[in-house]
Amino acid sequence: MNISRYFLMVSILCIGTLNAQTSDEGTSAGIEEVVVTAQKREGTLQETPIAITAVTSDEINYKNVNTIMDIGNIAPNAVFVRTPSNNTAATIAIRGGVQTNPAITWEPAVGVYLDGVYMGKTQGAIFDAIDLERVEVLRGPQGTLYGRNTLAGAINMISAKPTETSTKAKLSMGNYGLTQLQFVSNIVLDDNWSFKIVASDKNRDGFVNVSASPFTPAGGVVGSQPNQVTELDTLDSQATRFSVIYDAEAFSVNVTADKNEQNNTPQMAQLGYVIPGWSDIFQVGNIGNGLYLWPLERIANRDGKKTDISIDAPVHERSTIEGLSVTVDIPTRLGNLKIIQASREMVWADRLDLDGSPFPVAETARDTDYDSDTIELQLTGTTDGGVNYVLGYYKIDEYAFTDNPQSYFGGGSLYGPNDYVGYTDATAIFGQLDFPLTEKLTFTLGGRKTQEDKSGVRRTQLTQAGVPFPLIAATGSDSFDDFSQTVILDYELNDSTNVYLKVADGFKAGGFNSEFNVYSQGTDWSPYSPEKIESVELGMKGLFADNRLLLNLAYFDNEHKDMQTPYFTADGAAASLVVNTQAEMSGLDVEMKALITDNTSLTVNYGYLDGEMEPTPTSDGGIASNLMYAPDDTLYVSLEHDFGNYRLILDHHRIGAHHIFPYQSVDLRSRLTDVDERSTTDMRLVFDNDEKFNVVFWIKNMNDKEYIVNNINFGAGFGHLTVDYFNPPRTVGFDLTYNF
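Overview of the structure.

Cut-offs and rules
- Residues numbered from 1 in each chain as written.
- Predicted model: local features only at pLDDT ≥ 70, side-chain atom pairs only at ≥ 80, totals over all residues.
- Heavy atoms only, no water.
- 1 Å grid on protein atoms, 1.4 Å probe; cavity = no way out; pocket = protein on both sides within 12 Å on 5 of 7 lines; lining within 4 Å.
- Points joined across faces, edges and corners; volume = space filled by probe spheres on them.
- Helix = DSSP H or I, 4+ residues; strand = E, 2+ residues; numbered from the N terminus.
- Nonpolar A, V, L, I, M, F, W, Y, C, P; charged D, E, K, R; others polar.
- Buried < 20%, exposed > 50% of the residue type's maximum accessible area, 1.4 Å probe, protein only.
- Pairing = 2+ DSSP bridges.
- Salt bridge = Lys/Arg side-chain N within 4 Å of Asp/Glu carboxyl O.
- Patch = residues over 30% accessible without salt bridge, like charges linked within 9 Å, V, L, I, M, F, W, Y side chains within 5 Å.
- Areas by Shrake-Rupley, 256 points an atom, 1.4 Å probe, with all protein chains shown as cover.
- Lys, Arg positive; Asp, Glu negative; His and termini not counted.
- Charge placed at Lys NZ, Arg CZ, Asp CG, Glu CD.
- Phe/Tyr/Trp six-rings, centres within 6.5 Å; stacked < 30°, edge-to-face > 60°.
- Lys NZ or Arg CZ within 6 Å of the ring centre and 35° of its normal.

All told, the structure shown has 19 cavities of 30 Å³ or more when counted by the stated rule. In this structure, the second largest cavity encloses a volume near 460 Å³. Mapped by element, the contributors of at least two residues to the lining of the second largest cavity are β24 (362-382), β33 (549-568) and β42 (708-713). For the lining of the second largest cavity, a count of residues per class yields 14 nonpolar, ten polar and two charged.

Written out as structure tokens, the structure is:
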């Protein structure tokens, strides 16, 4: 950590102290207090000494937040996008920590939780969670209380609890044939028993039309295949959730069953680049008599997003996720004992056209089964001396399987069987204590001991020009353990301003790369190393100007050791490497909300990130040297004005230029996959003065901007074939809610 970083940390503390001196006169009604449960106990957002962005129930309603993608632009230094070619798999980056490969056996860097239940993987992470009370985005390592796979942060989605008998229905309609109907019913029978029923049905036509190939033998091109779908980027999703709640003085029980089914078509993979003369170089171009076979170079361009495309694969994306959870709260003499037991199952499948053409050049499929069983015990309480404590035990058992057949060059290269399976058995014990050293100074000490056992099998068989190669299988197993610690000093400058210093570790277990090329790397399936992070965070949280100005600052300095960096090589069966790299990242989170007048508010969330990865040679002769999804800055601005009968809300968000893959900058693959700075603006008109009836008119991406979100480059072995994935177009619609 250099001198300028120390100066910035001291500056933040001084700003907090200076503002605190002007805030001792008391407070009046202003910015509403937000309660969070980020530390496994209820506390206010401003008094919780970690960096958190909380999305409240009001914001959830008027933004129509159903999935984690709906809140991805709000938090500073956070990038949430769909993974290439998918509508149900998420790439989530916080402060430069990310997992970009959606393979079911690869672990995320950000943990996602719904009512305390760990959601597991990036595949299937985009699902409808209806009737949320609050969403919390925790930034920085959460290794003590959350544990595995929270190196970069965690996302808590908290469902609304029934407090009285009520029923509401919401109808959303928009262009591109969007129709969504949501139904929520809370039934309170008496002081003890209540029920909740939630249902949703969402459909949307595609953003891109699929048409017959423009290439014909009469035009001098052969090899086109008929299209088997008519649209891309369609949505067809159904979600249900049913809860039975018994709440008594002696104990409470919440039993919840949920199911989410999706039958979508994937995003458009638009062919952006191939090397000049691609078809001739791959000996499929000029086949004589004035005919050309598969001339991809005639399609590739980056002149903007297409709204009509020709592809040949029968693409689809289907997902069925089912869950059952039981949460028990028991007050005891030692504190409140909470038991969360859950089982989740996912059946997920996609089929992709990865050449963006009507030619059978690259087609893949994934058929995934995933099961997880978790149990968590939490004991929370406060001693007579005022020490708050959280003690716990956690266990997860996972089974993950994917069959991944692939076909290239018209079936000339076939991979199948091409599958992998992984097993995980992880346990942890954890604890965190808050010691009040003085009336204003609190010392927090936490620790977590983790043990993970992993094993797996990888199989593949190549058939080249009709000749099968031997089936090759690799197996591996290993154990990984860690002790993560958290130390926090939290000082209350006055009733409305706190400053804190947090030092924390994070851990992500090692594992087995299920997408390595067994033909080039053999059957020695050695594990990649665990990833660890050491983080220092200095923050200030304050309310000023009679509670009309909220300002939260957090400076962080993170050191990643053996960062698990996915490195896509496309070498045989779309192979990837896992490269353990070293990286340092520092930056600043700024969250500000101001009540400019009684009717006007302004929110500004800004993130600055300065990161560097140590150049690391890879086994394919390349170098990993760039951080992924780590823009220098992010910005979210929301302006809201209440006109009396309605509210106008303008949201603007910007994400700086960044790398999608870790290739060094001089590598052509890096130049073809880096993405530019982008920004969009949304607008909402909210009519919610009637207790029974409210409506929100919205426009997303008002200026109809087009930009590349992410992409895939298949390297020199495919003539640098690069497919691009774009943002959604401008959409317009309304949400109508009726409370019965």
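After that view of the structure, there is still more to cover.
Here the focus is the pairing of strand β34 (residues 576-595). Of all 20 residues that make up β34, 15 are buried, and the element is covered over most of its length. Examined bridge by bridge, β33 and β34 share 18 bridges and lie antiparallel to one another. Bridging across to β34, Phe-556 finds its partner in Gly-587. Bridge analysis of β34 against strand β35 (residues 600-613) gives 13 bridges, and the strand direction is antiparallel. Pairing of Val-590 across the sheet is with Tyr-606, part of β35.

So, on to the pattern of salt bridges. Under the definition given, this model contains 41 salt bridges. Of the charged contacts, one joins Arg-134 and Glu-133 as a salt bridge, the two residues approaching to 3.1 Å between their closest N and O atoms. Between Lys-395 and Asp-397 there is a salt bridge, with its nearest N and O atoms 3.6 Å apart. Judged by its relative accessible area of 22%, Lys-395 falls in the partly exposed class. Asp-397 sits in the partly exposed class, given a relative accessible area of 29%. Put simply, Glu-107, Lys-121, Arg-148, Glu-398, Glu-452 and Lys-454 are held in one network by salt bridges that share partners.

This next bit is on a negative patch on the surface. A grouping of Glu-261, Glu-322, Glu-345, Asp-367, Asp-369, Asp-371 and Asp-373 is seen on the molecular surface, where their side chains present a negatively charged patch. Among the elements that take part in the negative patch, β24 stands out by supplying four residues, more than any other. By secondary structure assignment, the location of Asp-367 is in strand β24. Looking at Asp-367, the relative accessible area reads 36%, which means it is partly exposed.

For any two aromatic rings, the description comes down to two numbers: the centre-to-centre distance and the angle of the planes. If you walk through the whole model with that rule in mind, you get 27 aromatic pairs. Between the aromatic rings of Tyr-176 and Phe-207, the centroid separation amounts to 5.0 Å while the plane-to-plane angle is 85 degrees, which identifies the pairing as edge-to-face. Here Phe-207 lies in the loop between β12 (193-204) and β13 (208-210) and Tyr-176 lies in the loop between β10 (166-174) and β11 (178-188), a separation of 31 residues in the sequence. Between Phe-435 and Phe-443, the ring centres sit 6.3 Å apart and the planes meet at 25 degrees, which makes this aromatic pair stacked. Overall, Phe-443 belongs to the partly exposed group, its relative accessible area being 24%. Counting every residue linked through ring pairs, the aromatic cluster contains Trp-278, Phe-282, Tyr-408, Phe-409, Tyr-415, Tyr-567, Phe-568, Phe-661, Tyr-663, Phe-714 and Phe-718. Lying over the aromatic face of Tyr-663, Arg-669 brings its terminal NZ or CZ to 4.1 Å of the ring centre.

Further remarks concern a nonpolar patch on the surface. Together, Phe-183, Ile-187, Leu-189, Trp-193, Ile-197 and Phe-242 give the surface a local cluster of nonpolar side chains, amounting to about 510 Å² of exposed area. Those elements that provide at least two residues to the nonpolar patch are β11 and β12. Within the fold, Leu-189 resides in the loop between β11 and β12. For Leu-189, a relative accessible area of 54% gives the class exposed.

There is about 1200 Å³ of room inside the second largest pocket. Together, 42 residues line the second largest pocket, and Ile-158, Lys-161, Thr-327, Asp-329 and Lys-338 are the ones closest to its centre. Listing elements by their share of the lining of the second largest pocket, those giving two or more residues are β8 (132-139), β9 (153-159), β12, β16 (235-247), β17 (252-264), β22 (316-332), β23 (335-353) and β24. With five residues, β16 is the single largest residue contributor to the lining of the second largest pocket.

What follows is about the sheet that holds strand β19 (residues 286-288). On the basis of which strands lie adjacent, the open sheet formed by three strands has the order β14-β20-β19 and mixed pairing. With partners counted over all chains shown, the strands left at the sheet margins are β14 (221-222) and β19, one partner each. Across two bridges, the pairing between β19 and strand β20 (residues 291-293) is antiparallel. Bridging from a neighbouring strand, Asn-286 pairs with Tyr-292 of β20.

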